[in-house]
Amino acid sequence: MSLADLMKKGGLRSVATVTVATLATAPSKTAACVATVATVSVATARSNVANDAGTETAALPSPTQLPTPTPGRDPDRYCWPHSAAMNTAEIDRFLVRVAVFNRRGMGLDAAEMLADKLVIRDREEDDRRSCIECSNLQSNGRCAAAQAGKIPGADRLLEPVRSILQRCPGFTLARGQT
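Residues numbered from 1 in each chain as written. Predicted model: local features only at pLDDT ≥ 70, side-chain atom pairs only at ≥ 80, totals over all residues. Heavy atoms only, no water.

(A) Broad picture of the nonpolar core. Grouped together as the largest cluster of nonpolar side chains are 14 residues, with contacts concentrated most on Val98, Phe101, Met106, Leu114 and Ile132. At the level of elements, helix H3 (88–103) and helix H4 (108–123) are the ones that each hand at least two residues to this core. If near-sequence neighbours (up to four positions away) are discounted, Ile132 is found in contact with Phe101, Arg104, Met106, Leu114, Leu137 and Arg162. (Core = buried A, V, L, I, M, F, W, Y, C linked by side-chain atoms within 4.5 Å. Buried < 20%, exposed > 50% of the residue type's maximum accessible area, 1.4 Å probe, protein only. Helix = DSSP H or I, 4+ residues; strand = E, 2+ residues; numbered from the N terminus. Contact = heavy atoms within 4.5 Å.)

Structure, rendered in structure tokens:
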């Protein structure tokens, strides 16, 4: 099951928790040495399935038992532009794009890959667009701008390649896109 499937079904709410990563080493004034690796906590799904010892697995805490974010702390402080991780706005835009691309006939895996490519495009301030973002892409897979003659030198029966980034004089942002 893909990440998009889990997000659509709300499946991540019951199986995932977040543990903020910490540095495995502390800065030292002495010569470099091998660091002790930090432990990692892993969430387990609620289940009545017995483990190897014959006991039940531990259930996840309810949302009311989870720690609340500290007021005044930026939840995006370790995200873009400080690291390669997507920030909240990028995640929201990513999810909207995956949903729109899927509604426009693109498979979930392809929609996720293209939405991820568009996150990078946005960060680099690239002005190229993909045809699936355009309002001129018709349900029959043809380009309305090409049919209307708005794209010089283009065949009127142009079948756009949805996942290629390009500069197009007929591009118009589709409704629901950001």
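(B) Focus on the packing of H3 against H4. Relative orientation of the contacting elements H3 and H4 amounts to 140°, with a least axis distance of 9 Å. As the angle between them shows, H3 and H4 are arranged oblique. For the element pair H3 and H4, the recorded crossing hand is right-handed. Contact residues: Glu90, Arg93, Phe94, Arg97, Val98, Phe101 and Asn102 in H3; Leu108, Ala111, Glu112, Leu114, Ala115, Asp116, Leu118, Val119, Arg121, Asp122 and Arg123 in H4. Considering only residue class, the contact of H3 with H4 consists of nine nonpolar, one polar and eight charged. (Axes fitted to C-alpha atoms, helices over the stretch in contact; angles between N-to-C directions. Parallel < 35°, antiparallel > 145°, perpendicular 65-115°, else oblique. Left-handed = near helix turned anticlockwise from the far one by under 90°. Nonpolar A, V, L, I, M, F, W, Y, C, P; charged D, E, K, R; others polar.)

(C) Examining H4 more closely. Compared with an ideal rise of 1.5 Å per residue, which puts 16 residues at 22 Å, H4 spans 23 Å between its outermost C-alpha atoms and is within 8% of the ideal. Every buried residue belonging to H4 is among Leu108, Ala111, Glu112, Leu114, Ala115, Leu118, Val119, Arg121 and Arg123, and all of these are buried. Glu125 lies just past H4 and shows a positive phi near 55°. (Expected span 1.5 Å × (residues − 1).)

(D) Spatial organisation of the pattern of salt bridges. Within this structure, the stated rule accounts for nine salt bridges. Here Arg123 makes a salt bridge to Glu90, at a shortest N to O gap of 2.8 Å. Taken together, the residues Arg123 in helix H4 and Glu90 in helix H3 connect sequence positions 33 residues apart. The class for Arg123 is buried, based on a relative accessible area of 18%. Through salt bridges with shared partners, a single network forms among Arg93, Arg97, Arg121, Asp122, Arg129 and Glu133. (Salt bridge = Lys/Arg side-chain N within 4 Å of Asp/Glu carboxyl O.)

(E) Spatial organisation of H3. Helix length check: H3 (16 residues) gives 23 Å between terminal C-alpha atoms against 22 Å at 1.5 Å per residue, within 8%. Taking the backbone nitrogen of Ala89 as reference, a side-chain oxygen 3.2 Å away marks Asn87 as the first, capping residue of H3. Once H3 ends, the next one or two residues include Gly105, with phi positive near 100°. (Polar contact = N/O pair within 3.5 Å; in protein donor to acceptor, adjacent residues only side chain to side chain.)

(F) Region of interest: the confidence of the model for the chain. For the chain, per-residue confidence averages 75 on the pLDDT scale, and 59% of positions sit at 70 or higher. No element of the chain has a lower mean pLDDT than helix H2 (residues 12–15), at 56, and none a higher one than H4, at 94. Contacts of residues 45–57 to residues separated by more than four positions or lying in other chains number 14 contacts, the stretch itself having pLDDT below 50. (pLDDT = per-residue confidence, 0-100.)

(G) Spatial organisation of the side chain of Asn87. Among the secondary structure elements, Asn87 is positioned in the loop between H2 and H3. With a relative accessible area of 13%, Asn87 lands in the buried category. A distance of 2.8 Å separates a polar atom in the side chain of Asn87 from the backbone nitrogen of Glu90. Residue contacts for Asn87: discarding those within four places in its chain leaves Asp76, Cys79 and Trp80.

(H) Structural view of the environment of Met113. Structurally, the position occupied by Met113 is in helix H4. Given the relative accessible area of 60%, Met113 is considered exposed.

(I) Geometry of the environment of Arg156. Tracing the backbone through its elements, the reader meets Arg156 in the segment after helix H5 (144–147). Owing to a relative accessible area of 48%, Arg156 belongs among the partly exposed residues under this scheme. A sequence separation of 14 residues divides Arg156 from Arg142, and the C-alpha atoms of the two residues are 8.7 Å apart. When sequence neighbours within four positions are dropped, the list of residues in contact with Arg156 reads Ala146, Gln147, Ala148 and Gly149.

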